[in-house]
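What the coordinates show
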Amino acid sequence: MSKSDIKHLAIIMDGNGRWATERGLKRTKGHEAGAEAIRDITTYCAAHETIETATFYAFSTENWKRPKLEVEFLMKLLDKYLKRELKTYQEHNIRFQAIGDMSEFSKSLQKRIKETEELTKNNENLTHILALNYGGRAEITMAVNDLIKQGKTELTQEDISSALQTPYSDIDILIRTSGEERISNFLLWQLSYSEFYFTPTLWPDFSAEELNTILESFTQRNRRFGGL
Ligand code: FPP
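Reading the values: rules and limits
- Residues numbered from 1 in each chain as written.
- Predicted model: local features only at pLDDT ≥ 70, side-chain atom pairs only at ≥ 80, totals over all residues.
- Heavy atoms only, no water.
- Helix = DSSP H or I, 4+ residues; strand = E, 2+ residues; numbered from the N terminus.
- Contact = heavy atoms within 4.5 Å.
- Near = heavy atom within 4 Å.
- Polar contact = N/O pair within 3.5 Å; in protein donor to acceptor, adjacent residues only side chain to side chain.
- Areas by Shrake-Rupley, 256 points an atom, 1.4 Å probe, with all protein chains shown as cover.
- 1 Å grid on protein atoms, 1.4 Å probe; cavity = no way out; pocket = protein on both sides within 12 Å on 5 of 7 lines; lining within 4 Å.
- Sits in = over half its atoms within 2 Å of the grid points.
- Nonpolar A, V, L, I, M, F, W, Y, C, P; charged D, E, K, R; others polar.

With respect to the helices and strands, A37 occurs in helix α2 (residues 27–47). Separated by 169 residues in the primary sequence, A37 and F206 place their C-alpha atoms 7.0 Å from one another. Every residue in contact with A37, bar those within four places of it in the chain, is listed here: W203, P204 and F206.

Okay, the site of the ligand next. In the vicinity of the ligand, 19 residues are found, and the nearest of them are D14, G17, R18, R27 and R66. Contact distances for the ligand include 2.8 Å between an oxygen atom and a side-chain N or O atom of R27. A distance of 2.8 Å separates an oxygen atom of the ligand from a polar side-chain atom of R66. Considered on its own, the ligand offers 610 Å² of accessible surface; in the complex 92% of this is hidden by protein. Put simply, the ligand lies in the largest pocket. Going through the elements one at a time, α1 (16–22), α2, β2 (53–60) and α3 (68–91) are the ones with two or more residues in the shell around the ligand. It is α2 that contributes the most residues to the shell around the ligand, five residues altogether. Of the residues assigned to the shell around the ligand, the class counts are ten nonpolar, five polar and four charged.

Here it is in structure tokens:
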């Protein structure tokens, strides 16, 4: 992989709970720190020469199974995050988009998401996608059902790719923090040709510096393989 191949980066942000527990704090404090950690990574991606899209897993379809209070906290935090980070998006010329089924979110949160998308839609340095109430299987199933509704009886891979909520490009690198080595129903279709990187760092401690080291290691490792 050469540096110019890294166009779409995906991240599974994991380990907020453990970060907080290790410090004797409530899990919610870990989510707050996790929401703060997003800023440095998105601004790094916006400044990066070749990254065009960064897709982060913020809330999965399975996350509803968490205690009600934690789910409510995450919803409020998302609203606060979007309100606070609009400035970052505008200053760094970042477009914000959301994927997933947001129909179960409160009307005010849905409005905040739509507004943030609208206000940043002409920004060009990076598209930052948050996956919210997202599941990869649900996304593929929805795409296939849409195509059936359009009257298609036989599908090509291109048909399915373009009917997904994330049609722009395949993922080049997926990073998951906190030492877990699973993809947890994230971007199943788009990860087909992705490189994977698992770091033990808990999400609130993940830094632009570590991301830079990871990206460098991919380009160097693959250049050596090319020389064999
Ligand atoms: C995993 O930590 C984290 C999530 C539930 C998703 C990511 C959420 C954030 C980064 C904070 C909120 C984000 C926004 C955009 C407001 P965990 O609770 O699973 O950690 P654990 O595995 O250590 O318990």
